[in-house]
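Structural features, examined
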Amino acid sequence: MRTPISKRVRFEVFKRDGFACQYCGAVPPQAFLHVDHINPVSLGGDNSEDNLITACESCNLGKAAVPLSSVPKSLADRAAEVAEREAQIAGYAAVMDAALQRIEDEAWRVAECLQPGASDGYSRDRINGIRHFVRTLGVYPVIEAAQIASGRYGIGSTRAFKYFCGICWAKIRGERE
Ligand SMILES: [Zn+2]
């Protein structure tokens, strides 16, 4: 007998998976998310989070024996689906907002390495560039580049910033320093 997965567990799994289908990467609102059993219930798989994964409707139904979409839905089911879709969209937005905030914080952390006190009137172009590096490379290689550049050309110098950008672009191109 299949036990339904509680909303709390479902959203824990969505959150862990970044509200993205783990098979194709689709996200709300384009995708309606399901929770899929890695080891199927028919083969003894349970509802523990380790056995659950986020799958969009098409990826999940592609695997199902009977497509759910062929079963007529009651009004109550439709209302529940609308509420579920909205909760998924809100959850995905929260994950994205948190990621943006994290990149923003990390970019300013790097700016601080290049120029202590940078949060006061730092150049918008520079922070945009740093944000791009952090998003692409992750924060640690970028901090390392800032330390190397500041060490070589002095903290806060234009030369150091240019050298820092050079290191980051080289890393993005996959070259060695
Ligand atoms: Zn998918």
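What counts, and at which threshold
Residues numbered from 1 in each chain as written. Predicted model: local features only at pLDDT ≥ 70, side-chain atom pairs only at ≥ 80, totals over all residues. Heavy atoms only, no water. Buried < 20%, exposed > 50% of the residue type's maximum accessible area, 1.4 Å probe, protein only. Helix = DSSP H or I, 4+ residues; strand = E, 2+ residues; numbered from the N terminus. Pairing = 2+ DSSP bridges. Donors = N, O, S within 2.8 Å, 3.2 Å for Na, K, Ca; no water. Tetrahedral: all angles 85-135°; square planar, octahedral: opposite > 155°, others 65-115°. Patch = residues over 30% accessible without salt bridge, like charges linked within 9 Å, V, L, I, M, F, W, Y side chains within 5 Å. Areas by Shrake-Rupley, 256 points an atom, 1.4 Å probe, with all protein chains shown as cover. Salt bridge = Lys/Arg side-chain N within 4 Å of Asp/Glu carboxyl O. Lys, Arg positive; Asp, Glu negative; His and termini not counted. Charge placed at Lys NZ, Arg CZ, Asp CG, Glu CD. Expected span 1.5 Å × (residues − 1). Arc of directions from axis to C-beta. Contact = heavy atoms within 4.5 Å. Polar contact = N/O pair within 3.5 Å; in protein donor to acceptor, adjacent residues only side chain to side chain.

Time to look at the pairing of strand β1 (residues 33-37). With five of its five residues buried, β1 lies for the most part within the structure. Where β1 lies against strand β2 (residues 52-56), five bridges are found, and the strand directions are antiparallel. When the sheet's bridge partners are listed, His-34 is paired in β2 with Ala-55.

For the zinc ion, the protein coordination sphere consists of Cys-21 (SG), Cys-24 (SG), Cys-56 (SG) and Cys-59 (SG), at 2.3 Å. Viewed at the metal, the four donor atoms of the zinc ion are separated by angles of 104 to 114°, and the geometry they form is tetrahedral. Within one chain, the residues donating to the zinc ion are spaced in sequence as C-x2-C-x31-C-x2-C. A residue pair is termed long-range when its members are at least 10 positions apart, and Cys-21 in the loop between α1 (7-16) and β1 and Cys-59 in helix α2 (residues 57-61) qualify at 38 residues.

The next point concerns a negative patch on the surface. On the surface, Glu-12, Asp-46, Glu-49 and Asp-50 cluster together to form a negatively charged patch. Of note, Glu-12 is situated in helix α1. Using a relative accessible area of 35% as the deciding quantity, one classes Glu-12 as partly exposed.

Below, the discussion takes up helix α4 (residues 124-137). Owing to its 3.6 residues per turn, the α-helix aligns residues three or four sequence positions apart on the same side. The first and last C-alpha atoms of α4 sit 20 Å apart over 14 residues, in line with the 20 Å expected at 1.5 Å per residue. Residues Arg-126, Ile-127, Ile-130, Arg-131, Phe-133 and Val-134 constitute the buried set of α4. The arc that holds every buried residue of α4, seen down its axis, measures 165°, which confines them to one face. Projecting away from the buried face of α4 at angles above 90 degrees are the exposed residues Arg-124, Asp-125 and Arg-135. Next to the buried residues of α4 lie α3 (75-114), α5 (139-153) and α6 (158-172). The distance from a side-chain oxygen at the start of α4 to the backbone nitrogen of Asp-125 is 3.3 Å, and the residue carrying that oxygen is Ser-123. Two residues or fewer past α4, Gly-138 is found with a positive phi of approximately 85°.

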